[in-house]
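Analysis of the macromolecular model
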Amino acid sequence: MTHHSTTPTGSEPSTAGTPSPIDAPNTDSALPELETQTLASCQADLVLLQAKCNDLSDQYLRAKADTENIRRRAEDDVSKARKFALESFADSLLPVVDSLEAGLAIKDATLDQLREGSQATLRQLLSALERNKIIAVNPAAGDKFDPHQHQAISVVPSEQEANTVVSVLQKGYLIAERVLRPALVTVAAAK
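What you see is a predicted model; the values in this text were computed from it and never measured.

Cut-offs applied
- Residues numbered from 1 in each chain as written.
- Predicted model: local features only at pLDDT ≥ 70, side-chain atom pairs only at ≥ 80, totals over all residues.
- Heavy atoms only, no water.
- Helix = DSSP H or I, 4+ residues; strand = E, 2+ residues; numbered from the N terminus.
- Buried < 20%, exposed > 50% of the residue type's maximum accessible area, 1.4 Å probe, protein only.
- Areas by Shrake-Rupley, 256 points an atom, 1.4 Å probe, with all protein chains shown as cover.
- Pairing = 2+ DSSP bridges.
- Axes fitted to C-alpha atoms, helices over the stretch in contact; angles between N-to-C directions.
- Core = buried A, V, L, I, M, F, W, Y, C linked by side-chain atoms within 4.5 Å.

A separate point is the overall build of the protein. Along its length, the protein carries two helices and six strands. Written out in order from the N terminus, the α and β elements of the protein read α-α-β-β-β-β-β-β. Burial analysis of the protein (191 residues in total) assigns 11% to the buried set. Counting only carbon and sulfur atoms, one obtains 58% of the accessible surface of the protein, whose full area is about 15,700 Å².

The next subject is the sheet that holds strand 3 (residues 165-170). Spatially, 2-6-3 is the arrangement adopted by the three strands of the open sheet, whose pairing is mixed. Whereas interior strands pair on both sides, the edge strands pair on one side only; in this sheet they are strand 2 (150-156) and strand 3. The average undirected angle you get between the axes of adjacent strands in this sheet is 30 degrees. In this structure, strand 3 lies alongside strand 6 (residues 183-188), joined through four bridges in antiparallel fashion. Counterpart to Gln170 in the pairing with strand 6 is Leu184.

Moving on, we come to the environment of Ala176. Tracing the chain through its elements places Ala176 in the loop between strand 4 (172-175) and strand 5 (178-181). Judged by its relative accessible area of 51%, Ala176 falls in the exposed class.

All right, on to the nonpolar core then. Val137, Val165, Leu174, Ala183, Val185 and Val187 together form the largest nonpolar core, which totals six residues. Among the elements that take part in this core, strand 6 stands out by supplying three residues, more than any other.

Structure, rendered in structure tokens:
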């Protein structure tokens, strides 16, 4: 009987700790399966990301179109508002025109009739201006000078306090609280 030694001898290389090809896992067959799973997972992620990208692109294009439509509608609304505001103002002035024409049609009007007709027509005009938010700026003597609503034509010596209105040379007007024309005034000089 021949006895084979299982202990290594100095002439044979040691294989202790090294798995034999039979005991080693088959990495060659596991690697392609792992790569296939990873590739499939990446492809699925790519499909999801492309769908999300397409959805976001569609949302962007819709939002851009909505914004453009809103801008166009706003421009149309502003244009119509200007047009109809002017139309409303013109409509409120038509009775004034009618009154002036009726007054001028009277050939033998007396001075009192002309004065009375002019006063009535002026009241109509002022009413039309007020309905359209056009308000007169007519400061009283002694009111503080307001450079936002008044324009000083001259500074005059006066018994009044300095920087107050002495007299109004021409009324000013506001339109919707914005100065259309400042009132022309003289202002008291500093003493």
